[in-house]
Amino acid sequence: MDQSVNLIALLATGFGLALFFGYLANYFKIPTLVGYLFAGFFIGPFAPGYVGDQQLANQLAEIGVVLLMFGVGLHFSLNDLDRLKKTAIPTAILNIFIITLISAIISVHYWGYSVMGGVILGLCLSVSSTVVLVRALEKRDLVTTDIGKFSIGRLVVEDIIMILVLVFLPVIFQVFIKPRPEIMEQTFTEDLMPALLALLKIIIFIFLMLFLGRKILPKILKAIVRTESRELFTLAIVSAAVSISFFSAKFFEVSMALGAFFAGTIFKETEYSKRAELDSLPLRDLFSVLFFVSIGMLFNPLIIILYPYKVLIIAIIIVVVKLFATTVLCVLFKYPFKTALVIGCGLAQIGEFSFILASMGLQFKLISKNAYNLILVGAFISIALNPTLFKLSRPFLEWYEKKRRYFY
């Protein structure tokens, strides 16, 4: 197909099939995001007929993630992050450690992966998708509740941890894994310098957003509001979200999602945050649909046929073990069981950062193509099952409350 119409073809087929399968899913009382996933599969490389441009789909999906995280930031003040630091940080670290350890033991001991390959697989399975969680919270009006704020705080901590992993993984590969001739050997300090520089950039970015951003962005927004032009206001909001996220990734090596989140938290402190949220909502919804379509395009059903037991174990780790670990950790940190279970359901899936880390692991040959495909299939299955977990949690909680009243 002519390259000049690839984008139009992708949007036409992606939105059209998403509408069709989304309607079917709604008709049969199945979550609409499952329909969006299947829409992506039917324009992916593993289904017959038209094949959409995967790179374009990923870029459009990235815009969806950016706008969604900007919207999350509009709900989430920096004070909320400070209040949650005693719970979100330790539970995120412990959860990542537990899931990574279990995954690494299974993949190294039973599947013959290298230790580093097992660790990367575990890290990919331990972090959750922002888009899936926020869509689930919005559907249940939980974004501004304690459940929503804790879950989002957890995601922010996970994102920061994964950024650090992505920054230091090339260094670990260069120093400890990649074979080099003795005459080409560099010192440890020389190998570490790029990672330390990237870490410094992250610190500078956060400083600029917290201090300069708080002074400059509100003034720009106020000047736009004085024009009394609705389209200029909407353009200012979208421009701020996309531009800040892009430059944060380009110059500071911070993920686009995290950059957009910080931009949203700054806009939260202005008097126009509600208007910004409403104006950006339609775009957020449209592009988040493309996120699920892009995930569906990655789904290869042949993996399930060739490696059914591995797929089952991956799905159990993501959905069951992760749900259990998250719920138990939340209870240990004094959250009510009902709250802990809902948080566990929301985080029992994987997404954006899992793909990024898996791609880097594949690039450095730390994981095999087989492991990479297992991660992609695990994401498809866990995202498809996530709404069902919320449905099943309701009767379980009702049963739990009855038993609790009976015994106490």
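Sequence order as written defines the numbering, with residues in each chain counted from 1. In view of the model being predicted, local features appear only for residues whose pLDDT reaches at least 70, and side-chain atom pairs are presented and counted only at 80 or more, with totals across whole chains, interfaces and linings using the full set of residues. For the side-chain quantities, the full set of heavy atoms in the structure was used; hydrogens and water were omitted.

Another point: the overall build of the chain. Along its length, the chain carries 16 helices and 0 strands. The C-alpha radius of gyration computed for the chain amounts to 22 Å, which stays within 12% of the reference 22 Å derived for 408 residues, consistent with globular compactness. The buried share of the chain, reckoned over its 408 residues, is 52%. Every accessible area reported is derived by Shrake-Rupley at a probe size of 1.4 Å, with residue values counting cover from the shown protein chains alone. As displayed, the chain has an accessible area near 20,100 Å², and 69% of this comes from carbon and sulfur atoms. Helix and strand definitions follow DSSP, with helices as H or I runs of at least four residues and strands as E runs of at least two, each counted in order from the N terminus. Note that the radius of gyration is over C-alpha atoms, with the globule rule given as 2.2 Å times the number of residues to the power 0.38. Burial classes follow relative accessibility: with a 1.4 Å probe on protein chains only, a residue under 20% of its type's maximum area counts as buried, one over 50% as exposed, and anything between as partly exposed.

A few words on the packing of helix α9 (residues 230–252) against helix α11 (residues 273–297). Running from N to C, α9 and α11 cross one another at 80°; their axes reach a closest spacing of 10 Å. If you check the angle between α9 and α11, you find them roughly perpendicular. Counting all contacts with α9, which are made through R230, F233, T234, I237 and V238, the residues of α11 involved are R275, A276, D279, S280 and L283. The classification used treats Ala, Val, Leu, Ile, Met, Phe, Trp, Tyr, Cys and Pro as nonpolar, Asp, Glu, Lys and Arg as charged, and all other residues, Gly among them, as polar. Considering only residue class, the contact of α9 with α11 consists of 5 nonpolar, 2 polar and 3 charged. Lines fitted to C-alpha atoms define the axes, with helix axes restricted to the stretch in contact, and inter-axis angles between N-to-C directions lie between 0 and 180 degrees. Angles are sorted into four bins: roughly parallel if under 35 degrees, roughly antiparallel if over 145, roughly perpendicular if 65 to 115, and oblique for all others. Contacts between residues were defined by any pair of non-hydrogen atoms, one from each residue, lying within 4.5 Å.

In this structure, D141 is a non-glycine residue whose phi angle is positive, near 55°. One non-glycine residue with positive phi stands out, namely K365, at about 60°. Looking at the secondary structure, you find K365 in the loop between α15 (352–363) and α16 (369–407).

It is worth spelling out the environment of I102 at this point. Structurally, I102 is set in helix α4 (residues 78–109). Accessibility expressed as a relative area gives 29% for I102, which makes it partly exposed.

Take S103: it is sitting in helix α4. With relative accessibility at 2%, the residue S103 sits in the buried group. When residues no more than four places from it in sequence are discounted, the contact partners of S103 are G118, G122, L125 and I317.

Looking now at the side chain of T265. Relative to the helices and strands, T265 resides in helix α10 (residues 256–268). In this structure the side chain of T265 is engaged in a polar contact, spanning 2.6 Å, whose partner is the backbone oxygen of F262. In protein, a polar contact requires one atom able to donate a hydrogen and another able to accept it; more generally it is a pair of N or O atoms within 3.5 Å, and residues adjacent in sequence count only if both atoms are side-chain atoms.

Our focus in this paragraph is helix α13 (residues 308–332). One full turn of an α-helix is made of 3.6 residues, so residues set three or four places apart face in the same direction. Here a helix's expected span is defined as the number of its residues, less one, multiplied by 1.5 Å. Here α13 contains 25 residues, and its C-alpha end-to-end distance of 35 Å stays within 8% of the 36 Å for a straight helix at 1.5 Å per residue. At I317, α13 shows its strongest bend, of approximately 35°. Phi turns positive one or two residues past the end of α13, at K334, with a value near 75°. Bend angle per residue: angle between axes fitted to the 7 residues ending at that residue and the 7 residues starting there.

Let us now look at helix α6 (residues 130–139). In terms of residue burial, α6 counts as a mostly covered element, since 7 of its 10 residues are buried. All of the buried residues in α6 are T130, V131, V132, L133, V134, A136 and L137. For α6, the N-terminal cap is S129; the gap from its side-chain oxygen to the backbone nitrogen of V131 is 3.4 Å. Within two residues after α6, D141 carries a phi angle of roughly 55°, on the positive side.

Taken together, the side chains of F20, Y23, L24, Y27, F28 and I30 define a hydrophobic patch exposed on the protein surface, amounting to about 670 Å² of accessible area. You can call F20 partly exposed: its relative accessible area is 47%. Within the patch definition used here, like charges are joined within 9 Å and nonpolar side chains (Val, Leu, Ile, Met, Phe, Trp, Tyr) within 5 Å, considering only residues with over 30% relative accessible area and no salt bridge. When a carboxyl oxygen of Asp or Glu lies within 4 Å of a side-chain nitrogen of Lys or Arg, that pair is called a salt bridge.

A few words on the pattern of salt bridges. Enumeration according to the criterion identifies 2 salt bridges in this entry. Between E138 and R284 there is a salt bridge whose closest N-O contact spans 3.0 Å. Of the two residues, E138 sits in helix α6 while R284 sits in helix α11, which places them 146 residues apart along the sequence. In this structure E138 comes out as partly exposed when scored by relative accessible area, which is 26%. R284 gets classed as buried once you look at its relative accessible area, which sits at 3%.

This part takes up the packing of aromatic side chains. Pairing of aromatic rings covers Phe, Tyr and Trp, the last through its six-membered ring, and needs centres within 6.5 Å; plane angles under 30 degrees mean stacked, over 60 mean edge-to-face, and all others mean tilted. The final tally for this structure, using the stated rule, is 19 aromatic pairs. Considering the side-chain rings of F205 and F262, the 6.2 Å spacing of their centres and the 80° angle between planes classify their relative orientation as edge-to-face. Pair noted here: F205 is in helix α8 (residues 188–226) and F262 is in helix α10, with a separation of 57 residues, a long-range link. On the basis of an interplanar angle of 70° and a centroid distance of 5.3 Å, the ring pair of F246 and F247 is categorised as edge-to-face. Exposure remark for F246: the relative accessible area of 42% places this residue in the partly exposed category.

Packed helices, taken two at a time, are described by their axes: the angle between them and the distance between them. At a minimum axis distance of 6 Å, the contact between helix α3 (residues 54–75) and α10 shows a crossing angle of 30°. For the pair α3 and α10, the sense of crossing is right-handed. Of the residues in α10, those touching α3 at E62, V65, V66, M69, F70, V72, G73, L74 and H75 are M256, A257, A260, F261, A263, G264, T265, F267 and K268. The class makeup of the residues in the contact of α3 with α10 is 12 nonpolar, 4 polar and 2 charged. By definition, turning the near helix anticlockwise from the far helix through less than a right angle yields a left-handed crossing, and turning it clockwise yields a right-handed one.

Here we come to the environment of R275. By secondary structure assignment, the location of R275 is in helix α11. Relative accessible area serves as the criterion here: at 33%, R275 is assigned to the partly exposed category. On a C-alpha basis, the gap between R275 and D141 in space is 18 Å, while along the polypeptide they are 134 residues apart. Filtering out sequence-adjacent residues up to four positions away, R275 remains in contact with V225, S229, R230 and F233.

The criterion is simple. A nonpolar core is a set of buried Ala, Val, Leu, Ile, Met, Phe, Trp, Tyr and Cys residues joined through side-chain atoms within 4.5 Å. L37, F70, L125, I152, F267, F292 and L357 are the most contacted members of the largest nonpolar core, which totals 130 residues. A per-element tally of this core places α16 first, with 14 residues. The residues contacting F70, other than those within four sequence positions of it, are I237, A241, A260, F261, A263, G264 and F267.

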